[in-house]
Amino acid sequence: MAAQDFRNIYPPFDEAIRTFWELRPGEGPLRPGGEPFFFPGGPVGVLLIHGFTGAPQEMRPLGVFLADHGMTVLGVRLPGHGTRPEDLRQVTWRDWAETVARGAEALRDRCEHVFLCGLSMGGILALYEAARQPPDGLIVMASPYRIRDIRLRFLWLLKRLIPNVGKPSSDLRDPEAQAERVSYSWYPLAVVEELLQVLRATTARLPQVRCPALLIYSQSDRTVLPDQGWAIYHRLGSTDKTIHWLVRSGHVIPEDIEREEAFEQIERFIRRVEAQGKRAGAER
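Now for a description of the structure that goes with this document. The structure displayed is predicted, hence computed values, not measured ones. (Residues numbered from 1 in each chain as written. Predicted model: local features only at pLDDT ≥ 70, side-chain atom pairs only at ≥ 80, totals over all residues. Heavy atoms only, no water.)

### Regarding the overall build of the protein chain
- The helix and strand inventory of the protein chain stands at 9 helices and 9 strands.
- With 284 residues in all, the protein chain has 55% of them scored as buried.
- Within the protein chain, counting contacts between residues at least 6 apart in sequence, those at least 24 apart form 75% of the total.
- For the protein chain, the computed accessible surface area is about 12800 Å², with 51% contributed by carbon and sulfur atoms.
- Of the charged side chains in the protein chain, 36 are positive and 36 negative; the average position of the first set lies 7 Å away from that of the second. (Helix = DSSP H or I, 4+ residues; strand = E, 2+ residues; numbered from the N terminus. Buried < 20%, exposed > 50% of the residue type's maximum accessible area, 1.4 Å probe, protein only. Contact = heavy atoms within 4.5 Å. Areas by Shrake-Rupley, 256 points an atom, 1.4 Å probe, with all protein chains shown as cover. Lys, Arg positive; Asp, Glu negative; His and termini not counted. Charge placed at Lys NZ, Arg CZ, Asp CG, Glu CD.)

### What to know about the layout of surface pockets
- Roughly 1300 Å³ of internal volume is contained in the largest pocket.
- Lining the largest pocket we find 40 residues, and of these Phe52, Pro168, Tyr187, Leu195 and Thr223 sit closest to its centre.
- Sorting the residues of the lining of the largest pocket by element identifies α5 (155-161), β6 (164-166) and α7 (192-203) as the ones contributing at least two each.
- Here the lining of the largest pocket is composed, by residue class, of 19 nonpolar, 12 polar and 9 charged. (1 Å grid on protein atoms, 1.4 Å probe; cavity = no way out; pocket = protein on both sides within 12 Å on 5 of 7 lines; lining within 4 Å. Points joined across faces, edges and corners; volume = space filled by probe spheres on them. Nonpolar A, V, L, I, M, F, W, Y, C, P; charged D, E, K, R; others polar.)

### Description of the pairing of strand β2 (residues 44-49)
- With respect to burial, β2 is a largely interior element, 6 of its 6 residues being buried.
- A two-sided burial pattern is seen for β2, the buried positions comprising Val44, Val46 and Leu48 on one face and Gly45, Leu47 and Ile49 on the other.
- As paired elements, β2 and strand β4 (residues 113-119) share 6 bridges and run parallel to each other. By the bridge assignment, Val44 is partnered in β4 with His113. (Pairing = 2+ DSSP bridges.)

### A short note on the sheet that holds strand β1 (residues 37-39)
- Here we have 7 strands laid out as an open sheet, ordered β1-β3-β2-β4-β5-β8-β9, and mixed in their pairing. The open sheet is flanked by β1 and β9 (241-246), the only strands paired with a single partner. Averaged over all pairs of adjacent strands, the angle between their axes in this sheet comes to 15°, without regard to strand direction.
- The sheet strands contacting helix α3 (residues 93-108) are β1, β2, β3 (72-76) and β4, and the helix crosses β2 at an angle near 165°. (Axes fitted to C-alpha atoms, helices over the stretch in contact; angles between N-to-C directions.)

### Some words on the nonpolar core
- Grouped together as the largest cluster of nonpolar side chains are 58 residues, with contacts concentrated most on Leu47, Trp96, Leu125, Leu127 and Leu138.
- The leading source of residues in this core is helix α4 (residues 121-132), at 8 residues.
- Excluding anything up to four places from it in sequence, Leu127 contacts Leu138, Val140, Thr202, Leu206, Val209, Ile232 and Leu236.
- By size, the runner-up hydrophobic cluster in this structure holds 31 residues, among which are Leu214, Ile216, Phe269 and Val273. (Core = buried A, V, L, I, M, F, W, Y, C linked by side-chain atoms within 4.5 Å.)

### Considering the environment of Arg146
- On the secondary structure map, Arg146 appears in the loop between β5 (137-141) and α5.
- For the pair Arg146 and Ile232, spaced 86 residues apart in sequence, the C-alpha separation works out to 9.6 Å.
- Once residues lying within four places of it in the same chain are set aside, the contact partners of Arg146 are Leu199 and Gln228.

### Focus on unusual backbone geometry
- The phi dihedral of Thr53 is positive, around 65°, even though this residue is not glycine.
- Its location among the elements puts Thr53 in the loop between β2 and α2 (60-68).
- Positive phi, close to 55°, is recorded for Ala142, a residue that is not glycine.
- Inspection of the secondary structure puts Ala142 in the loop between β5 and α5.

### So, a nonpolar patch on the surface
- Taken together, the side chains of Leu157, Leu161 and Ile162 define a hydrophobic patch exposed on the protein surface, amounting to about 260 Å² of accessible area.
- As for its placement among the helices and strands, Leu161 is situated in helix α5.
- Judged by its relative accessible area of 59%, Leu161 is exposed. (Patch = residues over 30% accessible without salt bridge, like charges linked within 9 Å, V, L, I, M, F, W, Y side chains within 5 Å. Salt bridge = Lys/Arg side-chain N within 4 Å of Asp/Glu carboxyl O.)

### Describing α7
- Relative to the 16 Å expected for 12 residues at 1.5 Å per residue, α7 spans 16 Å between its end C-alpha atoms, a close match to the ideal helical length.
- Within α7, 9 of the 12 residues are buried, which leaves the element mostly enclosed by the surrounding structure.
- Among all positions in α7, only Val192, Glu194, Leu195, Leu196, Val198, Leu199, Ala201, Thr202 and Thr203 are buried. (Expected span 1.5 Å × (residues − 1).)

### A look at the pattern of salt bridges
- The tally for this structure, following the rule as stated, stands at 12 salt bridges.
- In this structure, Asp95 and Arg24 form a salt bridge, with 3.5 Å as the shortest nitrogen-oxygen distance. In this pair, Asp95 sits in helix α3 while Arg24 sits in the loop between α1 (15-18) and β1, placing the two residues 71 residues apart along the sequence.
- By relative accessible area, Arg24 is classed as partly exposed at 31%.
- With a shortest N-O distance of 2.8 Å, Glu58 and Arg181 are connected by a salt bridge. Highlighted residues: Glu58 in the loop between β2 and α2 and Arg181 in the loop between α6 (175-179) and β7 (186-188), separated in sequence by 123 residues.
- Judged by its relative accessible area of 23%, Arg181 falls in the partly exposed class.
- In the salt-bridge network here, residues are joined through shared partners; they are Glu58, Arg181 and Glu255.

Coordinates in, geometry out; function isn't part of it.
So, in structure tokens, the structure goes:
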């Protein structure tokens, strides 16, 4: 049976889960696809974290897949996302990190095993949380190690001259997913400083990430080039780490044409790590 939204199964909300649907003061209404989602399931919990200027919708296909395989899934909405682009002016990267930490804790209260899974900036936030509070396992998709753009040297000036910038067109190869894409068409340039700060904070902590890790990148990603994946891979403190390469997908892997391959790799990784945890527990 396909996964359903938690609100349609167990009203009213569980208190800790319900908080993820609450808007911050001043945030605009949720746009379609901006809603968090929660699929209750078995003892394995997976936290899904969308990317910069994206929305929970881009992680929902993966959430449904994992829920249909018996897992408990929580897809969070990062503050400032899924509403109006101007809401990004009111948030910091620590607001995003706090949301991820609360989501992981909510799953720990319900599940025996907890995995973090993020796309792009969501993967960066998953890495940051993994260094702070290790999960059972970690999945990172299309996350950058650094952003190479000479214009960033002048960000302090540009954000005053050009307060808002448009986003380039998506590199999604799936035309249906492209038509249904939920993402801002522009964003305040000042919020790029928050992205750079969380990136610096996370890359400095990569050696502290020691849980099993699966990295998924695409050779055709125009946003995050392949060398970024290798940079994260080599700096991770994990001894159990794998990098899986897709060939045709664009940046938003969970919505693109090779998503089924990515989903199968993620499910296989989670089951392997779960089994290893059970064996280790039995031996103690």
